[in-house]
Amino acid sequence: MTLRHMKIFVSVFQQNNITKAAEELHLAQPSVSFAVKELEEYYGIRLFDRIGRRIFPTECGKEFYGYALHIVSMFEEMEKKIRNWDALGTIRIGASITIGTHILPPLLKQYQTCFPHLRTEIAINQSAAIERHVLNNTIDIGLIETQPEHPDIQSIPFMEDELQAIVNIKHSLTHSSKITLEQLAQYPILMREKGSAGREILDASFALRQISIQPLWESSSTQAIVRGVAEGLGVAVLPYLLVKKDIEEHTVAAIPLSHPLKRTLHIIYHKSKYLTENMQAFIRLCRNYGGTAAPAVSRPK
């Protein structure tokens, strides 16, 4: 008993006619009749009653049809999905909190337009956690705010971001055209939690200048920090992407740093990862979004 037998039986059952089934399957009529006979002999049952020139499924035949239809349908679904994996499969994407909040949504909207039947699974976490996911192969491609150091991770720069100092809109510092980290350190400072990419850059910058900082607040919530700054509880330095809207709405005031703190955002994947066409298309889309010279994402062929 083979899958071919199953397909022939399903067609005969649906057509209720050997000749029509043969035409549908592009087979000779004797081949179809013989396949049904082989099934009956294999199981020691009768699948159809032959009455005159017509056939009628037996009760056992009706029961067998339920199984056969399911098996044939599953096989055809597998064939379709595997042969068109790039368009119908799954891509697993991870992103840091900043990128996941402000960059990934418009990227995904454009990507899903090009691959409408592709399932996209998303993980949002700190950059270090996204690196671990890449190393453990629990995500295919990551977007992070730091330069990965692990030798097994391949990285591609795709965009630049800058840390932005923010204060209460009535703060005395709003009259300054620029500000140093030494000046900021004189005020209560609200910071992201340890381990976040922005916090690591800021801590390193303070340490480089031998400035000792004891944050008034530490929070994983950017909005909590922005709210605290807006209420005049202190100052903060956060990624511009995270505070752009609050600055434009005058919730807080921005002051340029005298020595800008810039960082490069990276696309990462395991160096041994086989990049399917849909993964390569996502990478091209990210690079294009970041303004580098790269072709736009194209529809799968």
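If you're wondering where the values come from, they're calculated on a predicted model, not measured in any experiment.

A. Local environment of the overall build of the protein chain. Within the protein chain, the regular secondary structure consists of 13 helices and 11 strands. Its C-alpha atoms give the protein chain a radius of gyration of 31 Å, more than 25% over the compact-globule value 19 Å for 301 residues. Buried positions account for 43% of the 301 residues belonging to the protein chain. Surface accessibility of the protein chain: about 16,500 Å² in total, with carbon and sulfur atoms responsible for 51%.

B. Spotlight on the layout of surface pockets. Within this model, the largest pocket holds a volume of roughly 210 Å³. Lining the largest pocket are 15 residues, with Glu131, Glu145, Thr146, Gln147 and Glu200 positioned closest to its centre. Secondary structure elements with two or more residues in the lining of the largest pocket: α8 (127-135), α10 (197-208) and β11 (262-270). Among the residues forming the lining of the largest pocket, the class breakdown is 3 nonpolar, 7 polar and 5 charged.

C. Broad picture of unusual backbone geometry. One non-glycine residue, Gln210, lies in the positive phi region at around 55 degrees. As for its placement among the helices and strands, Gln210 is situated in the loop between α10 and β8 (217-219). Residue Gln210 is classed as exposed on the basis of its relative accessible area of 76%.

What counts and how
- Residues numbered from 1 in each chain as written.
- Predicted model: local features only at pLDDT ≥ 70, side-chain atom pairs only at ≥ 80, totals over all residues.
- Heavy atoms only, no water.
- Helix = DSSP H or I, 4+ residues; strand = E, 2+ residues; numbered from the N terminus.
- Rg over C-alpha atoms; globule rule 2.2 N^0.38 Å.
- Buried < 20%, exposed > 50% of the residue type's maximum accessible area, 1.4 Å probe, protein only.
- Areas by Shrake-Rupley, 256 points an atom, 1.4 Å probe, with all protein chains shown as cover.
- 1 Å grid on protein atoms, 1.4 Å probe; cavity = no way out; pocket = protein on both sides within 12 Å on 5 of 7 lines; lining within 4 Å.
- Points joined across faces, edges and corners; volume = space filled by probe spheres on them.
- Nonpolar A, V, L, I, M, F, W, Y, C, P; charged D, E, K, R; others polar.

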